[in-house]
Amino acid sequence: MEVGAEGFARCLPRLRRRILRAVFVALDMEFTGLHSTSLQNNEPSLFDSPAERYVKARQSVQRFTLVQLGLAIFSKENSNKYVVHSYNFFLFPSTLGIRDVEFTISASSIQFLSHYGFDYNKFLKDGIPYMNEVQEKILRQQLLAGTWKVCSTNYADKDVLKKAIDEVTSWIAAAKEEDTMILQDLNGYHKLEVQLVLRQALENVWTEPLGDKKVMVKKVSPEHRQLLENSSFDHCRKKLILLSARGFTNLFWILVKAKKPLVGHNMLMDLMHLHDKFYRPLPESYEEFKRNIHNLFPVIIDTKTVTKSVQKKCLFPRVSSLLEVYAVLCSSNLNPRGPPCPVIVLASGCSRYAEKKSPHEAGYDAFLCGSVLLMSAHLLLCRSTDDVVEAEPSFSQYLTVLAEHVNKVNFIRGGVSSINFSGQDAPCHHPPALVVHVRGWPGLTETQIYQEFKARCRFDVRRLSKNQFILLSSKYKQVKLVLRDYRHHPHLQVSIYRHWRHSPSVNCLLQISGIVALWSLLAFALGGARSC
């Protein structure tokens, strides 16, 4: 279930086989932060268009990094049974060859994950490396030119390398050709780093990785060393170095080439990190980002979008978190007359999730996500027709009933309800905007207006003119409440926003039209007076 750098290469062939046999793959990620507070006006707002939100989110994605990625691979064993292999991958940026990677950590995010038992030692010490295409191109060029270097800058890595070099240099002075020694306790990526550093520093040594965190060092002649380097058995060949440095990116491309439906929950940030960390740096253009993601993953399903539809069409309680949605779907008898939901079984190595809830652990949330998709799709299929549904529906039938939600990713608090990765984004139907006209309260700011209304409800605020502000809310009840409570306020006059009445551009146009009309009337009057 948990995979770090030490065991990733061994797991990769098995992961590939399971992904190719799967009907779909669910994904979840944990980050070092979500929204950067050091950037001005970077908070999500109801005023945001998708392109504006993308610009904000892009800046945050470029600052933060992944700490854990969860994959739940759903395979259909028989007609109504799905078996799930769920994995947690601890990730850490590659430190080989490329310019040292910098990332930001949000204190609140770290505290949040710590509360749910996240192991930061596994992230730091055994994180699987990864790189995008730009970083890989740089490393390829350095390997060809022989100018690569290890960018390990933390004291733990430096201590490991220094200890290994000291042991070998002390031993080699008295050693004879073909003598060997064993370096112990080299975790994951250290096994490759130590070999590369030793080979670069000493021309008369040869190294080979052994099992159990060990590396064998042999004293050889420079001529013998050259022969070994050109052999197909060299574990540090350039191709293998690149494969090791790419790390998790190898699995990313397996997912891309498999073209299985990719399932997530509120997955916009997940998709942006996938693009930035494993594919290419995020483009400036929002439309280019959409095209790239659609080419990589032609079928995307966001369970947040799906469950919104379930809540509207079924007697489904309003719950927000993924775990709550899963609990309701498991416990409620929302479909008493239809066939039973598909059986979802965790594979033997993943049984911990059947025994214990592990919220905000990426592998567990990915499992929940895929399970919610299957149960929601089954419920929607049973409600979509008056005919009797087959006792054991196929996954293709579920995809058919989910067609209106495919490639539509939930858009949190913004100008659209979802981002459509295969078409145009549909506008969102918010409650009417309010306009606040300020009287006798000079110098009022957007922040002060926000604080004024914060006690009653949550509005996003934007200045309209010197004495006017627009308020946007996602709830009709809050709009009615403010209109009622501020009816007789001495300084703040609140009314429903009318574009033709309150828009500064429309008012400017009306003023210009009025002036033109007045001059025309005056000219007509003067012309008529002369003719008389």
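Model, not experiment: these values are computed from the prediction.

Asker: Honestly, the sheet that holds strand β16 (residues 492–496) in this entry has me stumped. Any pointers?
Answerer: In a beta sheet, neighbouring strands pair by backbone hydrogen bonds and run either parallel or antiparallel. With respect to topology, four strands assemble into an open sheet ordered β14-β15-β13-β16, the strand pairing being antiparallel. Because the sheet does not close on itself, it has two edges, and the strands there are β14 (460–465) and β16. Here the average twist between neighbouring strands, direction ignored, is 25°. Here β14 pairs with strand β15 (residues 468–472) via five bridges, running antiparallel.

Asker: Just to check I follow, could you spell out the packing of aromatic side chains for this structure?
Answerer: To describe a pair of aromatic rings, one takes the distance between the centres and the angle between the planes. Throughout the structure, instances matching the rule amount to 27 aromatic pairs. Consider the rings of Tyr120 and Phe123, whose centres lie 6.4 Å apart with planes at 80°: the pair is edge-to-face. Taken together, the residues Tyr120 and Phe123, both in helix α4 (residues 120–126) and three residues apart, mark about one turn of the helix. In this pair, the class of Tyr120 matches that of Phe123, namely buried. Relative to Phe367, the ring of Tyr364 has its centre 6.3 Å away and its plane inclined at 45°; by these criteria the two rings are tilted. Here Tyr364 and its partner Phe367 are both found in helix α16 (residues 362–383), three residues apart, which amounts to about one turn of the helix. Accessibility classification places Tyr364 together with Phe367 in one group, the buried group. Through a chain of ring-to-ring contacts, three or more aromatic side chains come together here, namely Phe8, Tyr87, Phe89, Tyr130, Phe248, Phe252, Trp253, Phe278, Tyr279 and Phe297. The positively charged end of Arg53 is found above the aromatic ring belonging to Phe411, 4.5 Å away from the centroid.

Asker: I would appreciate a short explanation of the sheet that holds strand β5 (residues 180–183) in the present structure.
Answerer: Strand order in this open sheet of three strands is β5-β7-β6, and the pairing throughout is antiparallel. Of all strands in the sheet, those bounded by a partner on one side alone are β5 and β6 (205–210). When strand polarity is set aside, the average angle formed by the axes of neighbouring strands in this sheet is 25°. Taken together, the six bridges between β6 and strand β7 (residues 214–219) define a ladder with antiparallel strand orientation. Note on β7: the bridge partner recorded for Glu208 is Met216. Packed on one face of the sheet, helix α7 (residues 190–201) meets β5, β6 and β7 and runs near 175° to β6.

The rules we used
Residues numbered from 1 in each chain as written. Predicted model: local features only at pLDDT ≥ 70, side-chain atom pairs only at ≥ 80, totals over all residues. Heavy atoms only, no water. Pairing = 2+ DSSP bridges. Helix = DSSP H or I, 4+ residues; strand = E, 2+ residues; numbered from the N terminus. Axes fitted to C-alpha atoms, helices over the stretch in contact; angles between N-to-C directions. Phe/Tyr/Trp six-rings, centres within 6.5 Å; stacked < 30°, edge-to-face > 60°. Buried < 20%, exposed > 50% of the residue type's maximum accessible area, 1.4 Å probe, protein only. Lys NZ or Arg CZ within 6 Å of the ring centre and 35° of its normal. Contact = heavy atoms within 4.5 Å.

That is the geometry; function is a separate question.
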